[in-house]
Amino acid sequence: MIGYNIIDRIKIKKNISFIRIEPTDIKLTLAEIFKSLSNLAWISQFDQDYVQAGFQTRAEDTVKYISNNILAKNNDEITKDTGELIVSELSRMTIVNELKYLDIPLAELIKIKDIGNHGFDFYSKNKENILLFGEAKYNSRQNAYGKSFEQISRFEREKQDASDIIDIDKFCCEPSKQNHAKGLKGFVASFSCKSTKTEKIIKGIKKNSDFILLNKFEELVLVAVNL
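Just so it is clear, the model here is predicted, and its values are computed rather than measured.

Let's talk about the pattern of salt bridges
Inspection of the entire model under this criterion finds 8 salt bridges. In this structure, Glu135 engages Lys137 in a salt bridge whose closest nitrogen and oxygen atoms are separated by 3.7 Å. Since its relative accessible area comes to 3%, Glu135 is described here as buried. When its relative accessible area of 18% is taken as the criterion, Lys137 is described as buried. Here Lys185 and Asp161 are joined by a salt bridge, their closest N and O atoms 3.0 Å apart. Here the residue Lys185 occupies a position in the loop between helix 7 (174-181) and strand 5 (186-193), and Asp161 occupies one in helix 6 (residues 160-168), the gap between them amounting to 24 residues. Since its relative accessible area comes to 2%, Asp161 is described here as buried. Sharing partners across several salt bridges, the network here consists of Glu89, Arg92 and Asp103.

Shown next as structure tokens:
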């Protein structure tokens, strides 16, 4: 997938990475995102016909909804729904392409029939078989990392990650699920950011109370999307 450039890649701590990306052209980026979402080749990896049929129905309904209700209405104006879709999918693909982590389709494609699911936005697995749960936030006026951290922290307290395991069960290896059962897990906080310098963003992030709480987990990846 094209449509973005890596601006910064910084190791904040041993278990915390910061990646900042710049979408190239919004219309091109939206087209690439739609192409990525519409590619349902991943369904063929499942042997059981009923599993393929189930995922096919969910994914096709979601792609149709996104096309008709979000992307079709976009006229170079980034709405909340469009912004969060861009942040979610670009962050997910950054994790896959740059860190070489597991490629799991966006949550809307595998969980429910239309956009707006309750739970994490995307998932992955690192090279140590630790499952990562991603949350994307968009704000048209300010850097959105606070909202992303706040949501992740709340979801973790409410054990939303444990609930979401049911939805991603067939994408995960047994060791990763066993690790999660032992409390070994990680998160991806993805968020829109403005023209603020990276150094200032990271300085603000380090002071965030929810970010401090999330430091204890096995891995935390921060993906800032210039939007």
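Now that the structure has been shown, the text picks up again.
Structural notes on helix 3 (residues 80-99)
Spanning 20 residues, helix 3 covers 27 Å between terminal C-alpha atoms, matching the ideal 28 Å at 1.5 Å per step. Within helix 3, 16 of the 20 residues are buried, which leaves it mostly tucked inside the rest of the structure. Positive backbone phi, approximately 60 degrees, marks Lys100, located one or two places after helix 3.

Considerations on the packing of aromatic side chains
For the structure shown, the criterion picks out 9 aromatic pairs. Measuring from centroid to centroid gives 5.0 Å for Phe120 and Phe155, while their planes differ by 70 degrees, and the two rings are edge-to-face. Here Phe120 is found in the loop between helix 4 (107-111) and strand 3 (122-125), whereas its partner Phe155 is found in helix 5 (residues 145-157), with 35 residues between them in sequence. Look at Phe120 and you get buried, because its relative accessible area is 0%. Ring centres of Phe149 and Phe211 lie 5.5 Å apart, and the angle between their planes is 45 degrees; on these two criteria the pair is classed as tilted.

A short note on the confidence of the model for the chain
Summary statistics for the chain give a mean pLDDT of 85 and a share of 80% for residues scoring 70 or more. Looking at the elements of the chain, mean pLDDT is at its lowest for helix 1 (residues 26-38), recorded as 67, and at its highest for strand 6 (residues 219-226), recorded as 97.

Considerations on the environment of Glu89
Mapped onto the elements, Glu89 comes out in helix 3. A residue is classified by how much of its surface remains accessible, and Glu89, at 0% relative accessible area, is buried. Spatially, the C-alpha atoms of Glu89 and Pro105 are 9.1 Å apart, while their sequence positions differ by 16 residues.

The rules we used
- Residues numbered from 1 in each chain as written.
- Predicted model: local features only at pLDDT ≥ 70, side-chain atom pairs only at ≥ 80, totals over all residues.
- Heavy atoms only, no water.
- Salt bridge = Lys/Arg side-chain N within 4 Å of Asp/Glu carboxyl O.
- Buried < 20%, exposed > 50% of the residue type's maximum accessible area, 1.4 Å probe, protein only.
- Helix = DSSP H or I, 4+ residues; strand = E, 2+ residues; numbered from the N terminus.
- Expected span 1.5 Å × (residues − 1).
- Phe/Tyr/Trp six-rings, centres within 6.5 Å; stacked < 30°, edge-to-face > 60°.
- pLDDT = per-residue confidence, 0-100.

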